[in-house]
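Letter by letter, the chains look like this.
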Amino acid sequence: SNGGNLVLFRDRNGWCPYSERVWLGLMVKRLEFDEVLVDNQGYKPNWYYECVGSGSTPAVKWEDGSFQTESLDILYELDRRYPSPDNDQNPQQPLLAPEHLKEDIKRIVRSFRDIFPRNTRPSSRSAFLFRGSGVLPREEFEATLDSTDALLGESKGPFFLGEKITLADIAWVPFLERYSIQLPLLYENLYPRDATRWPNLARFYDALESEFDVSGYYARVQGDLHSWAKVLASAGYGNAGHAPKLLEKYGNDENFHLVPSYAEERGGSEERRKILWRHYRELNTNNAERMCQTPREEAAAKIIRNHAAILKDATRYLSAEPEDADTALRAITSAIQNGLDPVDAARELRTALEGRREGQDDGVLLQVTSDLSKYLQSRICIPRDMGALPAFEYRRCLDAIICAA
């Protein structure tokens, strides 16, 4: 079309790291934009190739109707089209590449090409992990983390160029995000978030999950452990069709290196997660009316919006009676919205199931509730379906329900 709103075309699953760069850049600049989700794993409609000749993601349609591809080019262009004062007095639409930092930003972006492993198989789900049909040797990953930590160590703040996130950080974030979860699944005790070995990297990760200016990252853009583990274990082009064998202990509570900084295992609290979510809503005033008040409510709303589709799947794959599945799903939604630990989960479920229809059996309902919770756990994909912050509440609550049921 000729003009209109700013539009981001990104992959529908949230796996493409280059789409993530632009998505995060738009969030950091606090721009209002529309999204079109593109299926990078299957069929793309002809109209997309007419707009974007290569058919690749990401792409942006600017307000004048023109299109642009290549993630770094788009990020630089965002500053040109949506400039703002290069100071801290006016934080609206902050610059991703302030003029006085441009040369340093270019240097750090170039360093990415030098530091990350070379001659690896291209992949959106498992970038810079495989060569040929096998996983890279541990030593290459350790060398990458050593060099990255040293580069971050040159900064006086948690990010590459200080206290504020810039285009330099955005260029690295998608790949360091995947490494933080996927490397510990491939090699014993290889934790990029290990503050004793890579203190600057650990500080970088924590800042991404706590700083006000990057709330769009931890509230919506970031993936989570379960999703990145699942895609890593899948055969695909990135691993030449040979899925690697993952370590089995990745989900243990004591393995706190793998969980986000706002999780209980890292000293986080529900109140802190509410504050982080409030930051996100405050920085996205254009969409605030479509967001729930808390991450827990946002997770419950996702189920409510997809109630009919979930029931259809439940009756098809779980062989549950429609009325039982409906009662169980309402109980699950209520439990997620109200928040609970395993003890509270049992009480919440009992209370919710009191509203069951006449003739419904308690034992059957509890089994359906447990099965449906497991199904919902396995089906959710982050960030495709929701952000990491509401997903944390969603998964935590479903685990409690499974234990209680």
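Residues numbered from 1 in each chain as written. Predicted model: local features only at pLDDT ≥ 70, side-chain atom pairs only at ≥ 80, totals over all residues. Heavy atoms only, no water.

1. Focus on helix H7 (residues 199-208)
At step 1: With respect to burial, H7 is a largely interior element, seven of its ten residues being buried.
At step 2: For H7, every residue scored as buried is listed here: Asn200, Leu201, Ala202, Phe204, Tyr205, Ala207 and Leu208. (Buried < 20%, exposed > 50% of the residue type's maximum accessible area, 1.4 Å probe, protein only. Helix = DSSP H or I, 4+ residues; strand = E, 2+ residues; numbered from the N terminus.)

2. Brief notes about unusual backbone geometry
At step 1: In this chain, Thr57 is followed by Pro58 through a cis amide linkage whose omega measures 5°.
At step 2: With respect to the element layout, Pro58 can be found in the loop between helix H2 (46-51) and strand E3 (59-61).
At step 3: Going from Ile382 to Pro383, the amide bond is cis rather than trans, its omega being 15°.
At step 4: Topologically, Pro383 is positioned in the loop between helix H15 (362-379) and helix H16 (388-404).
At step 5: A positive phi angle, close to 55°, is found at Asn119, a residue other than glycine.

3. Some thoughts on the confidence of the model for the protein chain
At step 1: Scored by pLDDT, the protein chain comes out at a mean of 87, with 88% of its residues at no less than 70.
At step 2: Per-residue pLDDT, averaged within each element of the protein chain, yields its smallest value for helix H14 (residues 342-353) (60) and its largest for helix H5 (residues 138-153) (98). (pLDDT = per-residue confidence, 0-100.)

4. What to know about the packing of aromatic side chains
At step 1: Applying the stated criterion to the full structure yields 24 aromatic pairs.
At step 2: Aromatic side chains Phe9 and Phe67 sit 5.7 Å apart centroid to centroid with 40° between the ring planes, which places their arrangement in the tilted category. Here the residue Phe9 occupies a position in strand E1 (residues 7-11), and Phe67 occupies one in strand E4 (residues 67-69), the gap between them amounting to 58 residues.
At step 3: You can call Phe9 buried: its relative accessible area is 5%.
At step 4: A relative accessible area of 28% places Phe67 in the partly exposed class.
At step 5: With a centroid separation of 5.2 Å and 80° between ring planes, the pair formed by Phe112 and Trp172 is classed as edge-to-face. With Phe112 in helix H4 (residues 102-115) and Trp172 in helix H6 (residues 167-186), the pair connects residues that are 60 residues apart, well separated along the chain.
At step 6: Above the ring of Trp23, the side-chain terminus of Arg10 is found at 3.7 Å from the ring centroid. (Phe/Tyr/Trp six-rings, centres within 6.5 Å; stacked < 30°, edge-to-face > 60°. Lys NZ or Arg CZ within 6 Å of the ring centre and 35° of its normal.)

5. What about the side chain of Asn200?
At step 1: Along the chain, Asn200 turns up in helix H7.
At step 2: According to the relative accessible area criterion, Asn200 is buried, its value standing at 19%.
At step 3: If sequence neighbours within four positions are ignored, Asn200 has contacts with Asp149, Leu152 and Gly153. (Contact = heavy atoms within 4.5 Å.)

6. Comments concerning the pairing of strand E2 (residues 34-38)
At step 1: Taken together, the five bridges between E1 and E2 define a ladder with parallel strand orientation. Looking at the pairing, Arg10 lines up with Leu37 of E2.
At step 2: Chirality of the crossover, the property in question, places the unit of E1, helix H1 (residues 17-28) and E2 among those that are right-handed. (Pairing = 2+ DSSP bridges. Right-handed = clockwise from strand over helix to strand, strands pointing away.)

7. Quick notes on the environment of Asp11
At step 1: Tracing the backbone through its elements, the reader meets Asp11 in strand E1.
At step 2: Asp11 sits in the buried class, given a relative accessible area of 4%.
At step 3: When the C-alpha atoms of Asp11 and Val38 are compared, they prove to be 4.6 Å apart, with 27 residues separating the residues in sequence.
At step 4: For Asp11, the contacting residues outside a window of four places in its chain are Cys16, Ser19, Leu37, Val38, Asn40 and Thr57.

8. Brief notes about the nonpolar core
What tends to happen in soluble globular proteins is that the nonpolar side chains get buried as a cluster.
At step 1: Core analysis: the largest hydrophobic core is formed by 108 residues, its most contacted members being Leu78, Phe116, Trp172, Ile336, Leu372, Leu376 and Tyr394.
At step 2: In contact with Leu372, other than residues within four places in its own chain, are Ile310, Ala314, Leu318, Ala325, Ala328, Leu329 and Ile332.
At step 3: Judged by nonpolar contacts, the second largest core, of six residues, contains Val7, Val38, Tyr48 and Ala59. (Core = buried A, V, L, I, M, F, W, Y, C linked by side-chain atoms within 4.5 Å.)

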